[in-house]
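Chains, contacts and geometry: an overview
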Amino acid sequence: MKLTLALAVLASSSPVFAGIFSSSPQLNKRAELAYSPPFYPSPWMNPDADGWEEAYAKAKDFVSQLTLLEKVNLTTGTGWASEQCVGNTGGVPRLGLRAFCLQDAPMGIRGTDYNSVFPSGLTAAATWDRGLINKRGYAMGAEAKGKGVTVLLGPVAGPLGRAPAGGRNWEGFSPDPVLTGVSMSETIKGIQDAGTIACAKHWVGNEQEHFRQVGEAKNYGYNISETLSSNIDDKTMHELYMWPFVDAVRAGVGSVMCVYTQVNNSYGCQNSKLLNGLLKDELGFQGFVMSDWQAQHTGAASAVAGLDMSMPGDTEFNTGVSFWGTNLTLAVLNGTVPEYRIDDMAMRIMAAYFKVGKNLDEEDVNFSFWTLDTYGPLNWAAGKNIQQINGHVDVRENHGALIREIAAKGTVVLKNEGALPLKKPRFLAVIGEDAGPNIWGPNSCDNRGCDNGTLALAWGSGTANFPYLITPDSALQAQAIRDGSRYESVLSNYAWTYTQGLVKQANATAIVFVNANSGEGFISVDGNEGDRKNLTLWKNGDDLIKNVSSLCPNTIVVIHSTGPVLVTDWYDSPNVTAIVWAGLPGQESGNSITDVLYGKVNPSGKSPFTWGKTRESYGTDVLYEPNNGEGAPQQDYTEGVFIDYRHFDKADAPLIYEFGHGLSYTTFKYSNIQVQKSNAGTYRPTTGETAPAPTFGNFSTDYDDYVFPADDFPYIYQYIYPYLNVSDPKKASADPFYGEEASEFLPPHALDNGSQPLLPASGKNAPGGNTQLYDVFYTLTADIENTGDVVGEEVAQLYVSLGGPDDPKVVLRDFDKVRIEPGQTVQARFTLTRRDLSNWDPVTQNWFVSEYPKTAYIGQSSRKLDLEAKLD
Ligand code: NOJ
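Throughout this document, residue positions are counted from 1 along each chain, in the order its sequence is written. Two thresholds apply to this predicted model, a pLDDT of at least 70 for residue-level local features and 80 or more for giving and counting side-chain atom pairs, whereas whole-chain, interface and lining totals are computed over all residues. By convention in this description, side-chain values take in all heavy atoms of the structure and omit both hydrogens and water.

1. Observations regarding the pairing of strand β24 (residues 776-786)
Buried, partly exposed and exposed residues are distinguished by accessible area as a fraction of the type maximum, computed with a 1.4 Å probe on protein chains only: under 20%, between the cut-offs, and over 50%, respectively. Only runs of H or I of at least four residues qualify as helices and only runs of E of at least two qualify as strands under DSSP, and these elements are numbered from the N terminus. The element β24 is extensively covered by neighbouring structure, given that 9 of its 11 residues are classed as buried. Alignment of strand β23 (residues 668-677) against β24, held across 8 bridges, turns out to be antiparallel. Within β24, the position partnered with K669 by the bridge is E785. Where β24 meets strand β27 (residues 825-833), 9 bridges bridge the pair, whose relative direction is antiparallel. Looking across to β27, one finds that Y778 is bridged to L832. What makes two strands pair is DSSP finding at least two bridges between them.

Printed below as a string of structure tokens:
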């Protein structure tokens, strides 16, 4: 039984450590690269943190009763495929705590049955509807709970969407940090109100799939030895990429997942600046940090850098050895990892558990991620413990109706020359593979790794099995039959003879369905290694549109995609009478698009990203080729905060549809902007100190007490335990350097446990930073009149110019979705906080309001800003 690994307790080759302690020639080269400064010690939890008091009181009672082995058990996954979920920790059966089940993901419960498939994050964001986004979160949290999931591995704010071709942008919400921040907050509240721990991921700088993992990259033939480094400066980090995570922390998120990539040349799951400094100290995050799957690269180093849970627990899938488990036990026993740190990990994990209302009363996990068979091995990798592992529990409730509504309200009408809404068309010709089914079945491609039939969900770990999938073809046909229309469809992009024959017929209304897909890096579809290769439509979609519209003067285009596509070649053709972006709608796809096309739902979705004219017009892209020899590819975020519309505005780059654009079947008129100033007072940096690090309980130092109790239960192959195989620690560690003083290889202050100064931008007892950042500076209102003849919903958007030479022209800061009857006027309301009007100062490490004149704009999109007011 091999329970340990040599490098596990050593700081290893973490660049953070290497940068400080080693003088190898390799380092001189590193010194020229972006650098992540060390930040130690790891901040301990604050039992008085707002919203966490009760959870921490319960956690303290619980953790105080634990042995060291039990604490370690909470922190370390039991290994890939060791039990039923994608991630499983050890439990504490003695005290009635069932092992945690961690399960993907952001569109529904992955790999099981009788679950729902929700619209993607991107589609949810396109609703700009806080209530619906919250309901989506709640429904997902409820489904997770019903399956026995403890932690649902979403929502996603990294990727934010720096690169329009980024493979996983659809799992997240929008390249705008405010829209994403609001969506994160509402989703997290929903998931956790339903009794499931949410996980804000991937913290941070996870903007592309290429080179996120060395093994994956090698499989594609790239010769690299370290993962990509996202090189992000402090200001950009604060003003852009961190922003939505701040909202997640403020919303009380229970867990955060750290990234595969390096950030400023330090691995995300042992980057002390990211985990200790920004997340736990500045933001006061009180939950736990888990590693992405195989993103942990060291034992003690990651522990002191702020990691709290190792996932899935083994060093790499199915090695049977762990950086933690046995090695964490040893590291605490010999003082390499301070006692307070293991206690802090356990406290954070249990506080998140109690915070969402769990009370040692979780039902058993009733599914297996590894198979849909009813019976099979509970310990999947080991093939042990055959029993019923799938209860096939139906957790869908009536979520189908919600899914239909969100997807309809997240559908964006980009162009409409009077073609929509459809009114009993005489003859509807539906064209394109994207309207029809995957003929192998909706769940046929593993992790949805193909692009067959209609695109309702992209590929990777962010997927779930469809309980059914309503195709556009089936729903539109049903509607056509009800209306007495003639209906025919050609569900292929290449059946040109038949298509031509159809769309040139008299009275034809042609709807062409096209798509563009992407996903997670472990799957490549048609040469798209997670990230898209380009921004064009798949399967000759452009030609299909051009061909159909050359014959049919009433051609409506519907796009399902994971982000922007180039519509440049055909969008302004007079024969293309409408363009509709339907995102990734989930299981009710056909019903939702039918609701919009026929005006049963008046469209109110607004584009959560910009539609550029060319790929280059975005200014930022995926790094497709290694650029640092075999070393870590270096991706410098030199554009700073200028992504998506901020870039287009600055560069005056050509675009077709702007961020925030979306048409309705009615029209709205904006007037009467009013600004009311509040007396927010002066900003005071937080001062003072934390309490010293607390510890909870004590533990035996007799190594005999930690040996695997072979008489009590059988060892399961490849399962990660907290035990030692022999009582001699040196032998148990299998580490030739065992016994070296921790202080010799851990960074300065890593072992400190005395009071620590509070950071000026931190919030004392308030998660989410200095509380004064949320002081309201201005309340704004605007009147919006529905000037058409149907009821409609409008997303009124508030943008601000911060006024400085380095600031974007405008930044979104708030929005209000209002429902207005024809002829009526409704007042939309917005607030601007200190945070909304501040910039980050890397020198003082704090926010400040610059002296530049600030202006507020209110309007229908980032470029239709009819109302304007100076903010004094
Ligand atoms: C890797 C993905 O990056 C992450 O998002 C997911 O939650 C884990 N795998 C588990 O499947």
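2. Let's talk about the state of the cysteines
Cysteine sulfur atoms that pair up within 2.5 Å are treated as a disulfide. Per the stated rule, a full pass over the model turns up 3 disulfides. Bridging C445 to C450, the disulfide has an S-S length of 2.0 Å. Judged by the torsion about the S-S bond (85 degrees), the C445/C450 disulfide is right-handed. Exposure class is identical for C445 and C450. Each is buried. For the protein chain, the bonded cysteines pair up as 1-2, 3-4, 5-6 when numbered in the order they occur along the sequence. Free cysteine: C199, not disulfide-bonded; nearest cysteine sulfur from C258 at 9.2 Å.

3. Observations regarding the nonpolar core
Definition of nonpolar core: a set of buried residues of the types Ala, Val, Leu, Ile, Met, Phe, Trp, Tyr and Cys, connected through side-chain atoms within 4.5 Å. Grouped together as the largest cluster of nonpolar side chains are 150 residues, with contacts concentrated most on F100, W203, M290 and W293. With 10 residues, the single largest contributor to this core is helix α14 (residues 339-355). What makes two residues a contact is simply this: any of their non-hydrogen atoms within 4.5 Å. Once residues lying within four places of it in the same chain are set aside, the contact partners of F100 are G87, N88, T89, G90, T150, V151, I197, F288, M309, I349 and Y353. W459, V503, I523 and W581 belong to the second largest nonpolar core, which has 48 residues in total.

4. Topic: the UniProt feature "domain: Fibronectin type III-like" (unreviewed entry) in the protein chain
UniProt positions are given in the numbering used here, feature names are shortened, and annotations may be inferred rather than shown by experiment. According to UniProt, the feature "domain: Fibronectin type III-like" (unreviewed entry) maps to residues 794-862 in the numbering used here. Helix makes up 0% of residues 794-862 and strand makes up 57%, while its end C-alpha atoms are separated by 14 Å.

5. Let's talk about the sheet that holds strand β7 (residues 262-263)
With mixed pairing, 4 strands are arranged side by side in an open sheet as β8-β7-β5-β21. Taken across any chain shown, the strands that pair with only one partner, and hence form the sheet edges, are β8 (266-267) and β21 (634-636). Here strand β5 (residues 229-231) runs beside β7; their pairing, made up of 2 bridges, is parallel. Bridging from a neighbouring strand, S229 pairs with Q262 of β7.

6. As for the sheet that holds strand β25 (residues 792-801)
If you trace the 4 strands from one edge of the open sheet to the other, you get β26-β25-β30-β31, paired in antiparallel fashion. Each edge of the open sheet is held by one strand with a lone partner, namely β26 (811-820) and β31 (867-871). With direction set aside, neighbouring strand axes in the sheet form an average angle of 20 degrees. Between the N-to-C directions of two axes lies an angle of 0 to 180 degrees, each axis being a line fitted to C-alpha atoms and, for a helix, fitted only over the stretch in contact.

7. A word on the site of the ligand
Nearness of a residue to a molecule or strand requires only that one of the residue's heavy atoms be within 4 Å of it. Around the ligand sit 14 residues, and of these D104, R168, K201, H202 and D292 come closest. Under the rule applied, a polar contact is a pair of N or O atoms within 3.5 Å (in protein, one hydrogen donor and one hydrogen acceptor; residues adjacent in sequence only if both atoms are side-chain atoms). Here an oxygen atom of the ligand and a side-chain polar atom of R110 are 3.1 Å apart. Within the side chain of R168, a nitrogen or oxygen atom sits 2.8 Å from an oxygen atom of the ligand. What sets the accessible areas is the Shrake-Rupley method with a 1.4 Å probe; for residues, cover comes only from the shown protein chains. For the ligand, the protein covers 96% of the area, taking 290 Å² as the surface of the free molecule. Ten residue types, Ala, Val, Leu, Ile, Met, Phe, Trp, Tyr, Cys and Pro, are classed as nonpolar, four, Asp, Glu, Lys and Arg, as charged, and the remainder, Gly among them, as polar. Its residues placed into classes, the shell around the ligand shows 5 nonpolar, 2 polar and 7 charged.

8. Here we look at the packing of aromatic side chains
Paired rings are identified among Phe, Tyr and Trp, the last through its six-membered ring, by centres lying within 6.5 Å, and are further divided according to the angle between planes into stacked (under 30 degrees), edge-to-face (over 60) and tilted (the rest). Applying the stated criterion across every chain yields a total of 32 aromatic pairs. When the centroid spacing of 5.3 Å and the interplanar angle of 85 degrees are considered together, the rings of Y353 and F354 count as edge-to-face. Take Y353: its relative accessible area is 0%, and that puts it in the buried class. Pairing F708 with Y715 gives two aromatic rings, centres 6.0 Å apart and planes at 80 degrees, and the pair type is edge-to-face. Here a set of aromatic residues connected by ring pairs shows up, and it is made of F708, F713, Y715, Y719, Y721 and Y723. Sitting over the face of the ring of W52, K355 holds its NZ or CZ atom 5.1 Å from the ring centroid. For a ring to carry a charge above it, either NZ of a lysine or CZ of an arginine must fall within 6 Å of the ring centroid while also lying within 35 degrees of the normal to the ring plane. Its guanidinium or amino end placed over the ring of W243, R835 lies 3.8 Å from that ring's centre, counting from NZ or CZ.

9. Here's the deal with the pairing of strand β6 (residues 255-258)
Taken residue by residue, a regular strand's side chains alternate between the two faces of the sheet. Neither face of β6 is left uncovered, since the one carrying S255 and M257 and the one carrying V256 and C258 both have all their residues buried. Where strand β4 (residues 197-203) meets β6, 3 bridges bridge the pair, whose relative direction is parallel. Among the inter-strand pairings, A200 is bridged to a residue of β6, identified as V256. Sheet analysis places β6 next to strand β9 (residues 288-291), joined by 4 bridges and oriented parallel.

10. Observations regarding helix α11 (residues 272-282)
Among the 11 residues in α11, 11 count as buried, and that is most of the element. Turning to α11, its buried residues number three or more, namely S272, K273, L274, L275, N276, G277, L278, L279, K280, D281 and E282. Measuring from the backbone nitrogen of K273 back to the side-chain oxygen at the start of α11 gives 3.1 Å, which picks out N271 as the cap. Just downstream of α11 lies G284, where phi reads positive at about 65 degrees.

11. Structural notes on the pattern of salt bridges
Whenever Lys or Arg places a side-chain nitrogen within 4 Å of a carboxyl oxygen from Asp or Glu, that contact is recorded as a salt bridge. What the rule picks out here adds up to 37 salt bridges. Among the ionic pairs, E70 bridges to R94, the shortest N-O distance being 2.8 Å. Of this pair, E70 sits in helix α4 (residues 68-75) while R94 sits in the loop between β1 (87-88) and β2 (101-103); the two residues are 24 residues apart in sequence, bridging distant segments of the chain. Judged by relative accessible area, which is 11%, E70 ranks as buried.

12. Section: helix α9 (residues 234-241)
Burial analysis of α9 places 7 of its 8 residues in the buried class, which makes it a mostly covered element. By the burial criterion, the buried members of α9 are D234, T236, M237, H238, E239, L240 and Y241. At the N-terminal boundary of α9, the capping side chain belongs to D233, with an oxygen 3.1 Å from the backbone nitrogen of K235.

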